[in-house]
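One letter stands for each residue in the lines below.
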Amino acid sequence: MGYSSSLQHLKTLVPFLDGLRWRYAVGAFLLVLTNACALLIPWLLKLVIDGLQHPEHALLSSGKAALLIGLIAVGYALVRIFSRTVILNAARLLEFQIREALFARLMTLDLVFFSRERSGDILSRFANDLTNLRMLTGFGVMSLLNTVVLYLAGLWLMLQINLWLTVAAVAPLPLMVLAVRAMSSRIFSVSRQAQDELARLSSLTEESVGAIRLIKSYCREAYVAGQFDRISDHCLAKNLELARLRGLVMPVMALATGAGTLAVLYLGGRLVITNQISLGQFVAFSGYLALLAWPTAVLGWILTLVQRGAASMARLNELLQSIPAVVEDPEARPLGGIGKGLELRELRFSYGERRILDGISFSIAPGERVGITGPVGCGKSTLLRLIPRLLPLPDSMLFLDGQDVNSLELASLRRLMGYVPQETTLFSRSIADNVAYGGNGDVATAVQRAGLAADLQSFSAGLATVVGERGVTLSGGQRQRVALARSLVREPELLLLDDPLASVDAGREDEILGALAESWQGKTVLMVSQRLSAFRDCQRVLVLDEGRIVEQGTPDELLQLGGRYAELARMQGMLKSEVRRVKLEGVS
Ligand SMILES: Nc1ncnc2c1ncn2[C@@H]1O[C@H](COP(=O)(O)OP(=O)(O)OP(=O)(O)O)[C@@H](O)[C@H]1O
């Protein structure tokens, strides 16, 4: 990517500058003041030296000049502090606003985005990329303003002294700018690669911490450490390359300013000897050139900051400009209740090119309890995710209360549903907080209905027990029941349960199904399960295979049909008797 095209990414910063422009303006004004103080000092030195050489024309005594220089230096320090604070604070505010916008955008995105992006990569945008942007909009902007002001004012003052001396002093600078510009585009691409590697590293760290039990039980520590080392090596290589490139920038700068100083010493000295400029002017000129040395030197650093900032903004833009696949129709209507029930008409869904559901049609009357089963990976969970519109779906395929779900307000649609996904997500808070996350209903009743009450007695703090990170201090079954209670607390009209009994033992299954049957009263239920025993209270079961409904009926009808369902039942029965046999053999 070229230098100018990389800078295009920074244009997206403009809307975030609203309300911050005056801060930058005040900061810029204070910087002008700071530099005015800095430039006054060589000018005063000139007056003193010229005064010493020609006392009869002296404008200022040395004592007064020293006092004035002291005062100006104090003023310079104070104004500099203010100018830095104003600009750096503006950058902090800008970072804050972008972070909020990023998070807000993240919350609008759907499962299509989250199954594509790695969470470590998203986190790295929030951490590293925002830091790079803050560096650019804070230190970068401040240094750039400083450079521009010092160059304009310094050059003008130098020109007042001698045109050719100024030309000789600054002649090497354009060459330097050209050289740095050539390096910049390489810096941009390497900087982007370095950031990507860092994101991969964060991603792997996050994934490994989350999967630590798996890593240990499969003895994969060395493997994961190897993976980490490999990515870390790439990251290091990119950062070293970046350091080398940046390292090249500084010497080029130093060469240019050094050449300018040499020219001033040689030519300026001759001009003093031939009385074309005074000694005071020579000293002042050298002072101005010295003042230009630092901004020239940091010009390279500023360019690097710009490159890094642009690379980071490009990564942030990918997130900020991500278009959610599930969007609310601008004329969406609220949904008051599921009324006539749920209906699927020839529903088709694909992940990318891969067709998962292929012409599913069925309807569920209000208050009906329907089970869905089928082989692993046949699309049961996908079907359930489509109902609250967690995934995008074309129009006219899914209806609630006779209305196309795509024409309904998302929040009103989701508020009517209690969805329990297959993977339980718990927060590191109390059980009560985790349950109350589902809505404003009665937590104790929801806990009772989910069959969690008995477990609570074994916890010292009962409902106030804080579960570890992601609920690690609970058993799989307990986690699932907390999730179940969470879905029940909002008293949903439609319950969507994705294998809610997967981690529950057979004894508890009976207890939970019994409790659930009670809470199901009057609710419409759609429950996915591999375990056919879960359908005990379902009035109808759909059997899915290869994206289609291949059988449907009551559990008894399906058993008598002798098809897929009956086969699954036979296999599960066989498995149970197998387990029983193994247990008996173990006892004898
Ligand atoms: N985000 C995704 N991107 C691409 N493919 C996916 C995604 N999620 C699921 N799939 C694929 O879609 C198919 C259906 O997945 P789904 O989770 O709906 O199956 P399932 O019937 O619920 O399986 P199980 O019984 O194991 O829970 C699977 O082959 C799966 O690999």
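This is a predicted model, so every value here is computed, not measured.

Describing the domain arrangement of the chain
Domain parsing of the chain yields domain 1 (3–320), domain 2 (329–416 + 492–556) and domain 3 (424–491). One C-alpha centre belongs to domain 1, the other to domain 2; they are set 56 Å apart.

Some thoughts on the pattern of salt bridges
Using the criterion set out here, one finds 24 salt bridges in the structure. As a salt-bridge pair, E368 and R540 come within 2.9 Å of each other at their nearest N and O atoms. Of this pair, E368 sits in the loop between β2 (354–364) and β3 (369–373) while R540 sits in strand β9 (residues 540–545), and the two are 172 residues apart along the sequence. By relative accessible area, E368 is classed as buried at 15%. Residue R540 is classed as buried on the basis of its relative accessible area of 15%. A single salt-bridge network, built from bridges that share partners, covers R116, E117, D121, R125, D129, D196, R315 and E318.

So, the packing of helix α5 (residues 119–161) against helix α6 (residues 163–170)
For the pair α5 and α6, the least separation of the axes is 6 Å and the interaxial angle reads 135°. By the angle class used here, α5 and α6 are oblique. Together, L155, M158 and L159 of α5 and L163, T166, A169 and V170 of α6 make up the contact between the two elements. Looking at the contact of α5 with α6 residue by residue, the classes come out as six nonpolar, one polar and no charged.

Section: the sheet that holds β2
Sheet strands associate in pairs through backbone hydrogen bonding, adopting either a parallel or an antiparallel arrangement. Strand order in the open sheet made by the four strands is β2-β1-β4-β5, with antiparallel pairing throughout. Two strands close off the open sheet at either side, each with one partner strand: β2 and β5 (403–404).

Remarks on the environment of A293
Locating A293 in the fold gives a position in helix α10 (residues 279–320). Assessed through its relative accessible area of 28%, A293 is described here as partly exposed. The spacing of A293 and T147 is 146 residues in sequence and 9.8 Å in space, taken between C-alpha atoms.

Looking at a negative patch on the surface
Negative charge collects at one region of the surface, where E328, D329, E331 and D395 lie side by side. Following the sequence through the fold, D395 ends up in the loop between α11 (380–386) and β4 (398–400). Assessed through its relative accessible area of 52%, D395 is described here as exposed.

Reading the values: rules and limits
- Residues numbered from 1 in each chain as written.
- Predicted model: local features only at pLDDT ≥ 70, side-chain atom pairs only at ≥ 80, totals over all residues.
- Heavy atoms only, no water.
- Domains from an automatic or database assignment.
- Salt bridge = Lys/Arg side-chain N within 4 Å of Asp/Glu carboxyl O.
- Helix = DSSP H or I, 4+ residues; strand = E, 2+ residues; numbered from the N terminus.
- Buried < 20%, exposed > 50% of the residue type's maximum accessible area, 1.4 Å probe, protein only.
- Axes fitted to C-alpha atoms, helices over the stretch in contact; angles between N-to-C directions.
- Parallel < 35°, antiparallel > 145°, perpendicular 65-115°, else oblique.
- Contact = heavy atoms within 4.5 Å.
- Nonpolar A, V, L, I, M, F, W, Y, C, P; charged D, E, K, R; others polar.
- Pairing = 2+ DSSP bridges.
- Patch = residues over 30% accessible without salt bridge, like charges linked within 9 Å, V, L, I, M, F, W, Y side chains within 5 Å.
- Areas by Shrake-Rupley, 256 points an atom, 1.4 Å probe, with all protein chains shown as cover.
- Lys, Arg positive; Asp, Glu negative; His and termini not counted.
- Charge placed at Lys NZ, Arg CZ, Asp CG, Glu CD.

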